[in-house]
Amino acid sequence: MTSYSKEVLGDLAAGKLPWPQTRRIMSAYKDDDRFFKMVAVYQDRVAWKDSILLPVSDHLFICQSGDERITRCECGHSFGDYRKNWKLKAAINVRNTEEALREIYPNSDLPDAEWMEIREFICPQCGTLHEVEAAAPGYPIVHDFEPDLEGFYREWLGKPLQQT
Amino acid sequence: MLDKPASALRLRERLLDSERLMEETGCYDGITELTLRNQDPLKFETLHTKLRAYCVSAREMARRISASPGVREVGEMVVAIYTPEGDAIALSNGIMVHVHTMSRFIKWMIKNGYEDNPRIREGDIFANNDAFIGTVQVPDVMDVVPIFHEGTLVGWAGAVCHELEAGGITPGGDVCLAQERFTEGLFVCAEKIGENDEIRRDYVIRCERNLRMPIYWVLDEKAKVASCIDMRESVKQLISEIGLDYWMKVSKEFIEEGRRAQLARTRQLTVPGIYRGHTFYGHVTAGKPGFQLLGDPDWLYNIPIEMEITTDGKITMDFEGTQPWGYHSMNCTPAGMDGGMFVTLTQHMNFEGLVNDGAWMATELKLPHGTWTNPDNEMVATATSWALLLPAYGVFQRLLSRSFIARGFVEEAFVGQVNSPMIEMGGESQYGTPFGMAHFECAAAGSGALAIKDGLDTAYVGWNPESDMGNIEVWEQSMPMVYIGRSIVPNSGGAGKYRGGCSFVSTWLINKTSHLRIHTSEHSSRVFDNGGMCGGYPAPTCQKHRAVRNSDIHELAAKGEPLAHAPGIDPHVSDYERNIGGDHVVVEGPYITAPHKSGDIFSHSYNGGGGYGDVLERDPIKTAWDVENGFLTRQAAEQVFGIVLKDDEDGYPIADIDATVERRAAMRKERLAKAVPVVDWIAKERGRVEKADFAPEVKKMYASAIKLSPRFTSEFSEFWNVDARSIFMPGAKP
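Since this is a predicted model, take the numbers as computed values, not measurements.

### Looking at the overall build of chain A
Here comes step 1: In terms of helices and strands, chain A carries 5 helices and 8 strands.
Here comes step 2: Secondary structure elements in chain A, listed N-terminal to C-terminal, are α-α-α-β-β-β-β-β-α-β-β-β-α.
Here comes step 3: In chain A, buried positions account for 41% of the 164 residues.
Here comes step 4: Within chain A, contacts between residues at least 6 apart in sequence are counted, and of these 43% link residues at least 24 apart.

In structure tokens:
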């Protein structure tokens, strides 16, 4: 049975594991105890006490906060109920002019700002850029991920979540 | 010759029976128990390994027969072994997208009465390149041969090569000017092209009379038939060793095992739930010669994808809300969509165990009728369907990757494959002969980033995991152009904590010809179609084409003056314009112009992949290395990533860590100062939506999506709290 230490998984998640070791992990049979170990890695990384239930992005986690399950930034900022789109409670910077696009693409040809804009979804507390959407103007903001959290814990992990 | 089926039932009845059993039991062919695997797992695994070895060996042998650099150099070929009903049991490496499209081709023949006419006999060779029967595009020509054992049909061997010339309205295979089926090139529609293991002479003559470069197609046919015969004989030998009954059972258990393995891998690697994403494609043809005004010349497509993973491990992809098919070459058929799904799954999830059609059976595609994914008109062109397939399946890879991240398997998360434009050409070769060719160096774009490292530079395309750009010298043998540059495009990967893989740009001097037609396809310039993830930016959009007609390069070379070997990093003035005299041309979108001649210069950039994570977290030391080696510019390092560089004593860039920390803190503050709450932005933007204050192409896109999709309409209306129909389709009946 393949298994890795929390330290190895921590380095893997941080992109610090040497490539030959990373390559071996990629090629090997997957480790069945990965999920909870990785959650423990993330739990050590954050300063807050709420239990992480699911990582959903590089610095976003669904966690148990009292009776609520919320999406929280690594810095601690809460984006509210995990079933709602966290982006709606983020800060946004939209690049829809040549000048604004040129800041990110200084040496390339640019798309037509009339056809396409870049939307940066930012944590209002720490300023982390959590997600970038490239969309036509007027396109609704995407709700990227609605996990079946209850089903995942109950049927795949065999550890049903406590009722809230 | 014999054409007796393996059971009392005819093939068609067996196929329908197999489908019924799958429907009733949920298991392939009604196999609810893997009896043979349980009896002797070692024998079971060994046999499948043998079948895979037959496939790999047959493909390698066949590549040596081909004359095409696409097949020989770049590996644009795949072979597979099928059940009598046409389900893939084992396959080779290569363009695996076609393993399932061939399956559709075999099933199509069975369902269309081929047992009676033209009959299926030992030694027959059937070919197809009709996407509505089972392929992706015209140049993907597939051959299959039935495998008989002592008079009983026991399977099929199949092979596909991507042809470099298909005889369409424009030379090459990805025929960018095709707006209907009738201009795509030479169609072979599930045709018996040979008997007794010999390709018919009249078929070869048809190829020779209808193609610009028949040597590629015809020798590829011979390569494919050779590989099929090789696999067929190996399977027959195997059956003589293990017995027919065992073969008939084990070949199907392999597929059911593959199906179960896919479900198990989904449960192991992902998290159940609903995942969403989108991408776009912008087509620009207004004013270009040759395009018929059958539809709007410029258009914008949205490609929204909703992926559901259920707790039983099934993955469903739904394209509801996307655009209708059109009079362009980028439509796709369900076969092509299946193929995209299959090749993506094989790379992302099927990295162990039995890889076959079972994986595909554990998934479902929802392809709305009438859209580009499932046209309700079989006259449409699909010659460049990759233009939409690639960005679409790039989204699929990002959706899967989010599930891997959620499950903790960060090393599997990958921002995905990219759409990258392709060059095709024809006219008079450097030898003074007619020629036509697709230039397949495009099979080595930049990949999307991973969640733990940068993407692959100039080394990945989604359709062929063995991506390869081919050697310059080989391409130069095949076309009247010589390379004067092939180099990394700085900043061509999307920015992020981990940047997307960079692409490359080639520059050619047209040589020894008075008539060279160059065309490009899959060229989406007005939008980003290769997105980023988790804060990473999309890769730059397609770069414009730059050419110099009547250049003075020979005079410059004679004087020993410096030349330009790449466009450079100034988006406003290229190095060609700075260093080379002549008539400079900058073209956006597909390159459709008058023929070139000796002395002209042409350049073409490929695309990089999207980035992953927040740019302000990128490693400064790695960035200094990137700048030193031409993957990033100094300007981008400081302006985009907030990394301040200084020079070491030898003049090489090194990171100034203290200055970088300071600059990044300032950038983070500036970021927050510029940003507004999303709710405020929505409230303001809503006014623009109500007025439909958008470019005509954007408005048209919304109107088309609303017309086709009640779900898109309701989601759009709900999000903006507007009546989408009344805004974008005023006067339309409800």
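### Side note on the overall build of chain B
Here comes step 1: Within chain B, the secondary structure is distributed over 22 helices and 22 strands.
Here comes step 2: For a compact globule of 734 residues, the expected C-alpha radius of gyration is about 27 Å, and chain B comes in at 26 Å, within 12% of that figure.
Here comes step 3: Its C-alpha atoms put chain B at 75 × 65 × 60 Å along the principal axes.
Here comes step 4: Here chain B holds 734 residues, and the buried ones make up 59% of them.

### Concerning the domain arrangement of chain B
Here comes step 1: By domain assignment, chain B separates into domain 1 (11-260), domain 2 (415-613), domain 3 (615-674) and domain 4 (678-728).
Here comes step 2: Inter-centroid distance (C-alpha atoms) of domain 3 of chain B to domain 4 of chain B is 39 Å.

### Remarks on the interface of chain B and chain A
In many analyses, interface size is given as the accessible surface area lost on bringing the parts together.
Here comes step 1: Contacts between chain B and chain A engage 76 residues on the former and 61 residues on the latter.
Here comes step 2: Per element, the largest residue contribution to the side of chain B that touches chain A is 8 residues, and it comes from strand β8 (residues 273-284) of chain B.
Here comes step 3: For the side of chain B that touches chain A, the per-class residue count stands at 41 nonpolar, 19 polar and 16 charged.
Here comes step 4: Pairing of strand β5 (residues 91-95) of chain A with strand β22 (residues 676-677) of chain B, which is carried by 2 bridges, proceeds in the antiparallel orientation. Paired with Ile 92 of chain A across the two strands is Val 676 of chain B, which belongs to β22 of chain B.

### Some thoughts on the sheet that holds strand β7 (residues 129-135) of chain A
Here comes step 1: Strand order in the open sheet formed by 4 strands is β7(A)-β6(A)-β5(A)-β22(B), with antiparallel pairing between adjacent strands. On the outer flanks of this sheet lie β7 of chain A together with β22 of chain B, each paired with one strand and no other.

### Considerations on the sheet that holds strand β2 (residues 88-91) of chain B
Through backbone hydrogen bonds, the strands of a sheet pair up, either in parallel or in antiparallel fashion.
Residue and element names in this part refer to chain B.
Here comes step 1: The 7 strands lie next to each other as β2-β1-β5-β4-β3-β6-β7, forming an open sheet whose pairing is antiparallel. Sheet topology places β2 and β7 (198-199) at the edges, where each strand pairs with a single neighbour.
Here comes step 2: As judged from the 2 bridges shared by strand β6 (residues 191-195) and β7, these two strands associate in the antiparallel manner. The residue of β7 that forms the bridge with Glu 195 is Glu 198.

### With respect to the environment of Asp 529 of chain B
Residue and element names in this part refer to chain B.
Here comes step 1: With respect to the secondary-structure elements, Asp 529 resides in the loop between β16 (516-521) and β17 (545-549).
Here comes step 2: What makes Asp 529 buried here is the crowd of 33 C-beta atoms within 10 Å.
Here comes step 3: Placed 48 residues apart in sequence, Asp 529 and Glu 577 show a C-alpha to C-alpha distance of 28 Å.
Here comes step 4: Among residues more than four places away in sequence, those in contact with Asp 529 are Thr 279, Phe 280, Tyr 281, Pro 391, Asn 419 and Ser 524.

### Structural notes on unusual backbone geometry
Of all residues except glycine, most have a negative phi; of all peptide bonds, most are trans.
Residues and elements named next belong to chain B.
Here comes step 1: For the bond from Asn 117 to Pro 118, the omega torsion is 15°, close enough to zero to count as cis.
Here comes step 2: Here Pro 118 shows up in the loop between α5 (97-111) and β3 (125-128).
Here comes step 3: Unlike most non-glycine residues, Glu 150 shows phi in positive territory, near 50°.
Here comes step 4: In this structure, Glu 150 sits in the loop between β4 (140-149) and β5 (152-162).
Here comes step 5: Overall, the presence of 11 C-beta atoms within 10 Å leaves Glu 150 in the exposed class.
Here comes step 6: The backbone of Glu 522 sits at a positive phi, close to 55°, despite the residue not being glycine.
Here comes step 7: Mapped onto the fold, Glu 522 is located in the loop between β16 and β17.

### What about helix α12 (residues 386-407) of chain B?
Here comes step 1: With 22 residues, α12 of chain B ought to run about 32 Å at 1.5 Å a step, and its terminal C-alpha atoms sit 31 Å apart, in line with that.
Here comes step 2: Counting buried residues along α12 of chain B, 22 of its 22 residues qualify, which places the element largely inside the surrounding structure.

### Some details on the nonpolar core
Residues and elements named next belong to chain B.
Here comes step 1: One finds Cys 55, Ala 80, Ile 81, Val 144 and Leu 388 to be the most contacted residues of the largest nonpolar core, which totals 253 residues.
Here comes step 2: A total of 14 residues in this core trace back to one element, the largest contributor, which is α12.
Here comes step 3: Discounting chain neighbours no more than four positions away, the residues touching Val 144 are Met 102, Phe 105, Ile 106, Phe 126, Trp 156, Ala 157, Gly 158 and Cys 228.

### Remarks on the pairing of β5 of chain B
Residues and elements named next belong to chain B.
Here comes step 1: By the criterion of burial, β5 is predominantly enclosed, with 10 of the 11 residues buried.
Here comes step 2: Where strand β1 (residues 77-82) lies against β5, 6 bridges are found, and the strand directions are antiparallel. Bridging from a neighbouring strand, Val 79 pairs with Ala 159 of β5.
Here comes step 3: Where β4 and β5 come together, 10 bridges link them in antiparallel fashion. When the bridges of β5 are listed, Ile 147 appears paired with Gly 155.
Here comes step 4: In sequence, β4 turns back onto β5 through a hairpin of 2 residues, with Glu 150 there showing a positive phi of about 50°.

### A short note on the environment of Phe 105 of chain B
Residues and elements named next belong to chain B.
Here comes step 1: Along the polypeptide, Phe 105 turns up in helix α5.
Here comes step 2: Of the residues examined, Phe 105 has 29 C-beta atoms within 10 Å and is grouped as buried.
Here comes step 3: Excluding residues within four positions of it along the chain, Phe 105 makes contact with Asn 128, Ile 133, Gly 134, Met 142, Val 144 and Ala 190.

### Some words on the packing of helix α1 (residues 11-25) of chain B against α5 of chain B
All names here are of chain B.
Here comes step 1: Here α1 crosses α5 at 120°, and the two axes come no closer than 8 Å. Taken together, the axes of α1 and α5 lie oblique to each other. α5 is crossed by α1, and the crossing has left-handed handedness. Contacts from Leu 11, Arg 12 and Leu 15 of α1 reach α5 at Lys 107, Ile 110 and Lys 111.

### A word on the environment of Asp 140 of chain B
Residue and element names in this part refer to chain B.
Here comes step 1: Relative to the helices and strands, Asp 140 is located in strand β4.
Here comes step 2: Remark: the alpha-carbon pair of Asp 140 and Arg 20, spanning 120 residues in sequence, is separated by 31 Å.
Here comes step 3: Ignoring anything within four residues of it in the chain, the contact list for Asp 140 reads His 98, Asn 129, Thr 135, Val 160 and His 162.

### As for the confidence of the model for chain B
Residue and element names in this part refer to chain B.
Here comes step 1: The pLDDT averaged across chain B works out to 95; a share of 99% of its residues lies at or above 70.
Here comes step 2: This stretch, residues 1-7, has a pLDDT under 50; its non-local contacts, to residues over four places away or in other chains, come to 21 contacts.
Here comes step 3: Across the predicted assembly, pTM comes out at 0.96 and ipTM at 0.98.

### Here we look at the pairing of strand β13 (residues 434-439) of chain B
Here comes step 1: Taking burial as the measure, the 6 residues of β13 of chain B include 5 buried ones, the bulk of the element.
Here comes step 2: Connecting strand β12 (residues 422-428) of chain B to the antiparallel partner β13 of chain B that follows it, the hairpin turn spans 5 residues, and Gly 432 of chain B within it adopts a positive phi of roughly 80°.

### Side note on the packing of helix α1 (residues 6-13) of chain A against helix α3 (residues 34-45) of chain A
Residues and elements named next belong to chain A.
Here comes step 1: Taken N-terminus to C-terminus, the directions of α1 and α3 make an angle of 70°; their axes are 9 Å apart at the nearest point. With respect to their mutual orientation, α1 and α3 come out roughly perpendicular. As for how α1 packs across α3, the hand of that crossing is right-handed. In this structure, α1 uses Lys 6, Leu 9, Gly 10 and Ala 13 to contact α3, whose residues at the interface are Lys 37, Met 38, Ala 40 and Val 41.
Here comes step 2: Partitioning the contact of α1 with α3 into residue classes produces 5 nonpolar, 1 polar and 2 charged.

Definitions and cut-offs
Residues numbered from 1 in each chain as written. Chains lettered and ligands numbered in written order. Predicted model: local features only at pLDDT ≥ 70, side-chain atom pairs only at ≥ 80, totals over all residues. Helix = DSSP H or I, 4+ residues; strand = E, 2+ residues; numbered from the N terminus. Buried ≥ 20, exposed ≤ 12 C-beta atoms within 10 Å, placed from the backbone. Contact = placed C-beta atoms within 7 Å. Rg over C-alpha atoms; globule rule 2.2 N^0.38 Å. Domains from an automatic or database assignment. Nonpolar A, V, L, I, M, F, W, Y, C, P; charged D, E, K, R; others polar. Pairing = 2+ DSSP bridges. Expected span 1.5 Å × (residues − 1). Core = buried A, V, L, I, M, F, W, Y, C linked by C-beta atoms within 7 Å. Axes fitted to C-alpha atoms, helices over the stretch in contact; angles between N-to-C directions. Parallel < 35°, antiparallel > 145°, perpendicular 65-115°, else oblique. Left-handed = near helix turned anticlockwise from the far one by under 90°. pLDDT = per-residue confidence, 0-100.

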